[in-house]
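Summary of the model geometry
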Amino acid sequence: MRTIHRLDQLRNEIASLRAEGESVALVPTMGALHEGHLTLVRAALKQANRVVVSIFVNPTQFGPNEDLDAYPRTLEADSALLEQEGVDLLWAPSADEMYPDGFATSIGVDGVSADFCGASRPGHFAGVATVVCKLFNQVRPDVALFGEKDWQQLAVIRRMGRDLDLTLPHVDAIIGVPTVREEDGLALSSRNRYLDAEHRTKAAALPAAMREAIAKIEGGEPVAQALAKLEQALLSGGFSKVDYAALADAQTLKRIDALGDRPARLLVAAHIQNTRLIDNMAVRSG
Ligand code: PAF
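An account of the accompanying structure is given in this report. Since we're looking at a predicted model, the values are computed, not measured. (Residues numbered from 1 in each chain as written. Predicted model: local features only at pLDDT ≥ 70, side-chain atom pairs only at ≥ 80, totals over all residues. Heavy atoms only, no water.)

This part is about the sheet that holds strand 9 (residues 275-283). One open sheet holds the three strands; their spatial order is 7-8-9, and the pairing between them is antiparallel. Of all the strands in the sheet, just strand 7 (241-249) and strand 9 have a single pairing partner and so form its edges. In this sheet, adjacent strand axes meet at a mean angle of 10° when their direction is disregarded. As paired elements, strand 8 (residues 264-272) and strand 9 share nine bridges and run antiparallel to each other. Among the inter-strand pairings, Ile 272 is bridged to a residue of strand 9, identified as Thr 275. Against the sheet, helix 9 (residues 205-218) makes contact with strand 7, strand 8 and strand 9, and its axis sits at roughly 30° relative to strand 9, the strand it touches most. The sheet strands contacting helix 10 (residues 223-236) are strand 7 and strand 8, and the helix crosses strand 7 at an angle near 150°. (Pairing = 2+ DSSP bridges. Helix = DSSP H or I, 4+ residues; strand = E, 2+ residues; numbered from the N terminus. Axes fitted to C-alpha atoms, helices over the stretch in contact; angles between N-to-C directions. Contact = heavy atoms within 4.5 Å.)

Laid out in structure tokens, this is it:
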């Protein structure tokens, strides 16, 4: 595996791969890799001959009081994991390389980014959309893979890909990979490592309360009532704040208050021990 920090080098590497007729899959990450990322890499290896993983802790997607400085940076360990998985290129640009002096462009994706994490983290999705657009232009992959754990992020990226005719060959080239969970149901996340043992155990209340709410909603309980109980379960189970707990159309991300015939998703963001966890799960439509 080659590790590349400069864009001119990346362009040369990609040009050589293309000259050899290789197909390329991209897995964008912010590092601090866990089994969820490795699942993306394994899925990518099935999609293309060559896999590029990017590691870049993107400052523009963090708000002023968020965890940019604390975000784990573990390039050496990440690199060893990717090497073991058979990744071809590790693209690890510096912030200066990604955002050269005078950088002034931002991509806003209306609609799908408005609610949920877009509302509780202003500017977050503009940062994500901008950096992902840059990554697509830098690597020019045939396919790109993202975790479904960030369901809204995936919707924002798909919308952007369609709207801006990005270089990926077709919209299905943006591939969502199902969330990987710990044995107790907690979705894998780089932020789980902020939790001490006590709060890590309590964090399992999140998927448990979501599963319970889904069973209630699918069983016909009014959505608002099931969501209120979910919030209560989180607050009494060790979470300090719930940013949102909502049922939404799985594609448009518009809130819904009853199941219809379109796929629905339960989306939650909640804080425990100063750590904001997000999760989402499918809800069977009526
Ligand atoms: O999901 C992430 O890790 C990041 O938001 C992404 C897509 C790599 C953009 O920085």
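Here the narrative resumes.
Time to look at the sheet that holds strand 5 (residues 143-147). Ordered by their spatial adjacency, six strands build an open sheet running 1-4-3-2-5-6, and the pairing between neighbours is parallel. Bordering the open sheet on either side are strand 1 (2-4) and strand 6 (174-177), each of which pairs with just one other strand. Between one strand and the next, the sheet's axes are offset by a mean angle of 25°, whatever the strand orientation. With two bridges connecting them, strand 2 (residues 24-29) and strand 5 associate as parallel partners. Counterpart to Ala 25 in the pairing with strand 5 is Val 143. Helix-sheet contacts for helix 1 (residues 7-19) involve strand 1, strand 2, strand 3 (50-55) and strand 4 (89-91), and the interaxial angle to strand 4 is about 150°.

Strand 2 sits mainly inside the fold: six of its six residues count as buried. Residues of strand 2 alternate between two faces, with Val 24, Leu 26 and Pro 28 on one and Ala 25, Val 27 and Thr 29 on the opposite face, all of them buried. Here six bridges tie strand 2 to strand 3, and the two strands are oriented parallel to one another. When the sheet's bridge partners are listed, Pro 28 is paired in strand 3 with Ser 54. In this region the chain leaves strand 2, passes through helix 2 (residues 35-47) and returns to the parallel neighbour strand 3; the handedness of that crossover is right-handed. (Buried < 20%, exposed > 50% of the residue type's maximum accessible area, 1.4 Å probe, protein only. Right-handed = clockwise from strand over helix to strand, strands pointing away.)

On to the site of the ligand, then. Residues in contact with the ligand, as listed here, are Pro 28, Thr 29, Met 30, Asn 58, Gln 61, Val 131, Val 132, Phe 146 and Gln 153. Here an oxygen atom of the ligand sits 2.6 Å away from a polar atom, N or O, in the side chain of Gln 61. Take Gln 153: an N or O atom from its side chain is 2.7 Å from an oxygen atom of the ligand. Contact with the protein chains removes 88% of the 290 Å² of surface that the ligand exposes when unbound. Those elements that provide at least two residues to the shell around the ligand are strand 2 and helix 6 (124-139). Across the shell around the ligand, the residue classes break down as five nonpolar, four polar and no charged. (Near = heavy atom within 4 Å. Polar contact = N/O pair within 3.5 Å; in protein donor to acceptor, adjacent residues only side chain to side chain. Areas by Shrake-Rupley, 256 points an atom, 1.4 Å probe, with all protein chains shown as cover. Nonpolar A, V, L, I, M, F, W, Y, C, P; charged D, E, K, R; others polar.)

Attention shifts here to the pattern of salt bridges. Evaluated as defined, the whole model comprises 20 salt bridges. Arg 42 is the partner of Glu 85 in a salt bridge, and the nearest nitrogen-oxygen pair spans 2.8 Å. Of the two residues, Glu 85 sits in helix 3 (residues 75-85) while Arg 42 sits in helix 2, which places them 43 residues apart along the sequence. Salt-bridge contacts for Asp 67 lead to Arg 191; the nearest nitrogen and oxygen are separated by 2.8 Å. Of this pair, Asp 67 sits in the loop between strand 3 and helix 3 while Arg 191 sits in the loop between strand 6 and helix 8 (197-203), and the two are 124 residues apart along the sequence. (Salt bridge = Lys/Arg side-chain N within 4 Å of Asp/Glu carboxyl O.)

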